[in-house]
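# Structural characterization, general
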Amino acid sequence: MKDPVTVAIVDDHLSTRELIAELIDEHGDFKCIGSFSGTAEAIEKLPALRPKVVLMDINMPGRNGIEIVRILAPHLPETNFIMLTVYEQSDYIFNALAAGAVGYLLKRSIDTKLIEALRQVVAGGSPMNDTIARMVVRSFKNTDTTTQEDDFTLLSDREMEVLSLLSKGRSVKQIADMLGISVHSIYQYSQRAYRKLHVHSCVEAVAKYVDMNHHRK
């Protein structure tokens with residue numbers, strides 16, 4: 001049996017940490033190996049734990065979650081940081097992505113979206129929406145549009161369809177339901193698209209897609 005994916009939680013609200021730990025314990029493919037209420041403790045202990053995923057609250061006393069990701073990401077290259085936020089604050093989320101996070105999860109959706117978000121990130125995806133993708137696009141410098149369009153010609157119709165739906169903020173589960181195929185198939189199409197576009201995450205792939213369509217208009 002494959003080892004469970006290790007997860008750590010950093011959030012100053014005990015109820016949030018308990019809810020996440022409970023949801024993780026219900027799924028044998030994930031395991032909570034650390035739960036921290038403060039940023040200083042997280043900075044001290046996470047490098048030794050090296051979890052596959054860290055669920056990081058954005059708004060915390062003292063240093064916020066974005067600063068912690070900026071500090072820890074260079075030391076934990078194999079760790080995926082997902083930001084936890086109460087509101088869909090575009091600037092905060094974009095800054096978190098720029099610091100090294102791979103996506104975000106709204107706290108009000110934890111009970112229904114947590115496991116899906118974890119699986120998406122482990123498969124190389126990134127929970128986000130098209131608003132955030134557009135902010136990533138605007139941060140691009142010296143983009144070679146011709147090269148990008150050449151890359152997109154390598155995508156199959158289904159890979160392009162999946163990428164289009166991701167760019168509209170659809171979740172992996174929603175796309176699977178819309179296309180009548182499995183969630184696993186969506187992950188496979190996404191991974192193939194990433195390789196062909198020479199990117200490593202959903203954030204980068206969707207940003208390229210949005211940028212390409214912008215230049216075609």
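See the structure above.
An account of the accompanying structure is given in this report. (Residues numbered from 1 in each chain as written. Predicted model: local features only at pLDDT ≥ 70, side-chain atom pairs only at ≥ 80, totals over all residues. Heavy atoms only, no water.)

Counting buried positions along strand β1 (residues 5-10) gives five out of six residues, so the element sits mostly inside the fold. Where β1 and strand β2 (residues 30-36) come together, six bridges link them in parallel fashion. From the neighbouring strand, Val7 faces β2, where its bridge partner is Cys32. For the crossover that starts at β1, traverses helix α1 (residues 14-25) and ends in the parallel β2, the hand is right-handed. Relative to strand β3 (residues 53-57), β1 runs parallel, the two being bridged by four bridges. Considered in β3, the bridge of Val10 is made with Met56. (Buried < 20%, exposed > 50% of the residue type's maximum accessible area, 1.4 Å probe, protein only. Helix = DSSP H or I, 4+ residues; strand = E, 2+ residues; numbered from the N terminus. Pairing = 2+ DSSP bridges. Right-handed = clockwise from strand over helix to strand, strands pointing away.)

Attention shifts here to the sheet that holds β2. Strand order in the open sheet formed by five strands is β2-β1-β3-β4-β5, with parallel pairing between adjacent strands. Here the strands that pair on one side only, and so sit at the sheet edges, are β2 and β5 (103-106). Strand-to-strand twist of the sheet, defined as the mean angle between neighbouring strand axes without regard to direction, takes the value 25°. (Axes fitted to C-alpha atoms, helices over the stretch in contact; angles between N-to-C directions.)

Next up on the list: the pattern of salt bridges. Under the criterion given, the structure shown has seven salt bridges. The salt bridge partner of Lys107 is Asp11, with a shortest N-O separation of 2.8 Å. Placement of the pair is Lys107 in the loop between β5 and α5 (110-122) and Asp11 in the loop between β1 and α1, with a sequence separation of 96 residues. Residues Lys107 and Asp11 agree in their burial class; the two are buried. A salt bridge links Lys196 to Glu159; the nearest nitrogen and oxygen atoms lie 2.9 Å apart. Linking Lys196 in helix α10 (residues 183-197) with Glu159 in helix α8 (residues 157-167), this pair joins segments that are 37 residues apart in sequence. When its relative accessible area of 27% is taken as the criterion, Lys196 is described as partly exposed. Salt bridges linked by common partners bring Asp11, Asp57 and Lys107 together as one network. (Salt bridge = Lys/Arg side-chain N within 4 Å of Asp/Glu carboxyl O.)

These results come straight from atomic positions and should not be treated as a statement about function.
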